[in-house]
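Notes for the structure review
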Amino acid sequence: MQNQKTFRHIVLSPAALIIGAALIFLIIAPLFQKGLFIDGYLYKTVAINFSRGDSTFWHMKFTNTIMPDFFEQPPFFFCANGWWFRLFGNAFFADKLFTVFLLGITFYLLYKLLRLLVGNSPYLFITLLFFTLLVQVWCWTFVNQVIETLVIPLSLGGTYFFVHWLKRTLTIFHTYLYALAFGLICYLLFLTKGFQSVFIAVLPMGALLVLHGKKRLLLFATLAYSFLAVLLVYTLFYDTGGQYWFSHYIQKRLYASLNNVGATTTNHFDIIFRTFTELLGPLGVTAVLLFFIRYKKGYPWRLLFKRLKHSPYALLFFFTALAGSFPFAITLEQRGFYLSPSFAFYTLGLMLWLKPYLLAGIRFLKTVFENNYVSYFSRFAFGIALVYLIYSPFHYRQNESMLKDVAALTPFLKNGDTVSIDAAMWNHVSLQSELFIRKQVSMECDKHHLFFLHDRETNAPIPDKYHRLNLTTQQFDLYVLTQRNP
């Protein structure tokens, strides 16, 4: 009973309510708004095709005419999302709840990891959530439903297995079991976003450098790496489906990226700079805290570095975070959300390093949050956040004109139709996704079909013998062929 009261007191505390409000404003409410980032649309369509049985694990597809052989990403995310759609359908709320489910698992694993490392400290967990929400692109990742939403909980799950094994006195059998579980999660990470997402594989190697018990760690590393190698070799070189997928993936994705196809920058170091700019929020807060404590207590700065030297888990997480971010500098295809899985490790490392200073800051802030005005403000902010959340599904975050036009156009199209388009529209992924999700309608250039879809923004010429249907649309017009070519 006492534990329930304590838990309820913490959950309803002003600090928790403010963090809850921030979570709703930054992630949950925008997630439930209409419209989606291009990559999110692409991945959703591929997952829905899998859920319909229109594709297989090793042979995904986008539409019938555009990327009918989808090998641009590994298949596990689409498989997991597809099975969710099979169980709950692919309606708007079912789609969004899949991401909420992944976010919930992420927070649960962060809580379990922090509890293993520092004990039961709810306010440190609230601080960890605060630091995480300060990383803008991390929030953006969940709002836009990209593949990293699965990479994040998988990487934290593998880390939890490893740290749980480290922190417990276990038998040889348990060592085998935990090593195999860690290797399996690394394998699933590879099947989720490729080699770059298997960055947690450096954990046993990093632990050998900073932790005691070298023989025990060497046994775990040998077992985990061996199991991972066996799974990869079998999948990529012996399994027919895996071999077929990888032979195409390595050409479409790996070789292309190394040859700067799809480059988003001209400088290899941009992604490293981006890593630190995204971390400015938690780094700025800790800097203010450290200067405040230095001013109040007079602690010398050298104690910070001395503490880092004696915080092996902080060093281990920093090492892992670097492995999850800096290798993206190899290619010129660099996007901020690629870094999202590494940020949990940066913030965990920061908290383990500065734990005494953070606890001092928490003690000070608890007195501030005990103020009645702050308490009232926290409840008001959380209430406003809930109202905003309820309103969100009726609000368009993006793609408003496209979504309204698709709703007007689709009644005139039959399931499985193919519509003609001008070549300038071939990359309109959002429109392709909506048409294929709703009615499995594909788009095709340079061929005459019964319908022609015209984009007013590109304003391409209308082919002969098509006339416009009288529909109220904002951007896209539907034309019908009056006389078929023989």
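Okay, so let's go over this structure. (Residues numbered from 1 in each chain as written. Predicted model: local features only at pLDDT ≥ 70, side-chain atom pairs only at ≥ 80, totals over all residues. Heavy atoms only, no water.)

**Description of the overall build of the chain**
We count it as follows: Labels follow the DSSP assignment, with helices taken as runs of H or I lasting at least four residues and strands as runs of E lasting at least two, numbered in each case from the N terminus. Radius of gyration here is computed from C-alpha atoms only, and the compact-globule reference equals 2.2 Å multiplied by the residue count raised to the power 0.38. For every residue, the accessible area (1.4 Å probe, protein chains only) is compared with the maximum for its type, and the residue is labelled buried under 20%, exposed over 50%, or partly exposed between those bounds. For this analysis, residues touch if any pair of their heavy atoms sits within 4.5 Å. Exposure was quantified through the Shrake-Rupley algorithm and a 1.4 Å probe, taking into account, for residues, occlusion by the shown protein chains and nothing else. His residues and chain termini do not enter the charge count, which takes Lys and Arg as positive and Asp and Glu as negative. A charge is said to be at NZ when it belongs to Lys, at CZ for Arg, at CG for Asp and at CD for Glu.
A count of helices and strands for the chain gives 21 helices and five strands. For 486 residues, the compact-globule estimate of 2.2 N^0.38 gives 23 Å, and the C-alpha radius of gyration of the chain, at 25 Å, lies within 12% of that figure. Its C-alpha atoms give the chain principal-axis dimensions of about 85 × 60 × 50 Å. Each of the 486 residues in the chain was classed as buried or not, and the buried ones make up 52%. Put simply, of all contacts in the chain between residues at least 6 apart along the chain, 75% involve residues at least 24 apart. A total accessible area of about 23,300 Å² is found for the chain, and carbon and sulfur atoms account for 64% of it. One way to put it: in the chain the 41 positive side-chain charges average out to a point 21 Å from where the 22 negative ones average out.

**So, the packing of aromatic side chains**
Keep this limit in mind: Pairing of aromatic side chains requires ring centres within 6.5 Å, counting the rings of Phe and Tyr and the six-membered ring of Trp. Pairs whose planes differ by under 30 degrees are stacked, by over 60 edge-to-face, and all others tilted. Counting as a charge over the ring demands two things of the Lys NZ or Arg CZ atom: a distance within 6 Å of the ring centre and an angle within 35 degrees of the ring normal.
Evaluated as defined, the whole model comprises 44 aromatic pairs. An angle of 40° between the planes, with centres 6.1 Å apart, marks the rings of Phe130 and Phe131 as tilted. An aromatic cluster of at least three residues, connected via ring pairs, comprises Tyr43, Phe70, Phe77, Phe78, Trp84, Phe88, Phe98 and Phe101. For the cation-ring pair, Arg86 lies above Trp83, with the distance from its terminal atom to the ring centre recorded as 4.4 Å. Directly above the ring of Trp165 sits Arg216, whose terminal nitrogen or CZ lies 4.1 Å from the centroid.

**Some remarks on the pattern of salt bridges**
The line we're drawing: The term salt bridge refers to a pairing of a side-chain nitrogen on Lys or Arg with a carboxyl oxygen on Asp or Glu at a separation within 4 Å.
Tallied over the entire structure, the rule returns 10 salt bridges. A salt bridge links Asp54 to Lys61, with the shortest nitrogen-to-oxygen separation between them at 3.3 Å. Salt bridges sharing partners connect three or more residues here, namely Arg456, Arg468 and Asp477.

**What about the sheet that holds strand S3 (residues 451–455)?**
Here is the rule: Two strands pair under a simple rule: DSSP has to find at least two bridges between them. Angular values range over 0 to 180 degrees, each being the angle between N-to-C directions of two axes fitted as lines to C-alpha atoms, with helices fitted over their stretch in contact.
Taken together, five strands build an open sheet; the order of strands is S2-S1-S3-S5-S4 and the sheet is mixed. Edge positions in the open sheet fall to strand S2 (442–445) and strand S4 (466–468), since each of these has one partner strand only. With direction set aside, neighbouring strand axes in the sheet form an average angle of 40°. Here three bridges tie S4 to strand S5 (residues 476–481), and the two strands are oriented antiparallel to one another. When the bridges of S5 are listed, His467 appears paired with Val480. Contacting S2, S3 and S5, helix H21 (residues 429–439) crosses the sheet at an angle of about 135° to S2.

**Some thoughts on helix H11 (residues 214–238)**
Selection rule: A helix is expected to span 1.5 Å for every residue after the first.
With 25 residues, H11 should reach 36 Å at 1.5 Å per residue; the first-to-last C-alpha distance of 34 Å fits that figure. Three or more residues of H11 are buried, namely Leu217, Phe220, Ala221, Leu223, Ala224, Leu228, Leu231, Leu232, Thr235 and Leu236.

**With respect to the side chain of Glu434**
Here Glu434 shows up in helix H21. Here Glu434 falls in the buried class, since its relative accessible area comes to 8%. With residues up to four places along the chain from it excluded, the contact list for Glu434 reads Tyr41, Met402, Leu403 and Val406.

**Focus on the nonpolar core**
It is characteristic of soluble globular proteins that their nonpolar side chains tend to be buried jointly. Just so we agree on the cut-off: Remark: nonpolar core denotes a set of buried residues (Ala, Val, Leu, Ile, Met, Phe, Trp, Tyr, Cys) joined through side-chain atoms within 4.5 Å.
With 127 residues, the main nonpolar core has Ile27, Phe78, Trp138, Phe162 and Ile200 as its most contacted residues. Tallying contributions element by element places helix H5 (residues 92–118) first for this core, with 12 residues. Residues Val406, Val441, Met443 and Leu469 belong to the second largest nonpolar core, which totals 21 residues.

**Describing a nonpolar patch on the surface**
Spelled out, the test is: In this scheme, patches are assembled from residues that exceed 30% relative accessible area and form no salt bridge. Like charges are connected within 9 Å, while nonpolar side chains (Val, Leu, Ile, Met, Phe, Trp, Tyr) are connected within 5 Å.
Taken together, the side chains of Phe25, Leu26, Phe377, Phe380 and Ile384 define a hydrophobic patch exposed on the protein surface, amounting to about 490 Å² of accessible area. At the level of secondary structure, the elements contributing two or more residues to the nonpolar patch comprise helix H2 (14–31) and helix H19 (372–391). A total of three residues in the nonpolar patch trace back to one element, the largest contributor, which is H19. Tracing the backbone shows Leu26 in helix H2. Its relative accessible area of 40% is what places Leu26 among the partly exposed residues.

**Brief notes about the pairing of strand S1 (residues 418–421)**
Convention followed: With strands facing away from the observer, any crossover in which the path from the first strand over the helix to the second runs clockwise is taken as right-handed.
With four bridges connecting them, S1 and S2 associate as parallel partners. Residue pairing for S2: Thr418 is matched across the bridge by Ser442. Viewed along the sheet, the connection from S1 through H21 into S2 turns out right-handed. Note that S1 and S3 share two bridges and pair parallel. The partner of Ile421 across the bridge, within S3, is Leu453.

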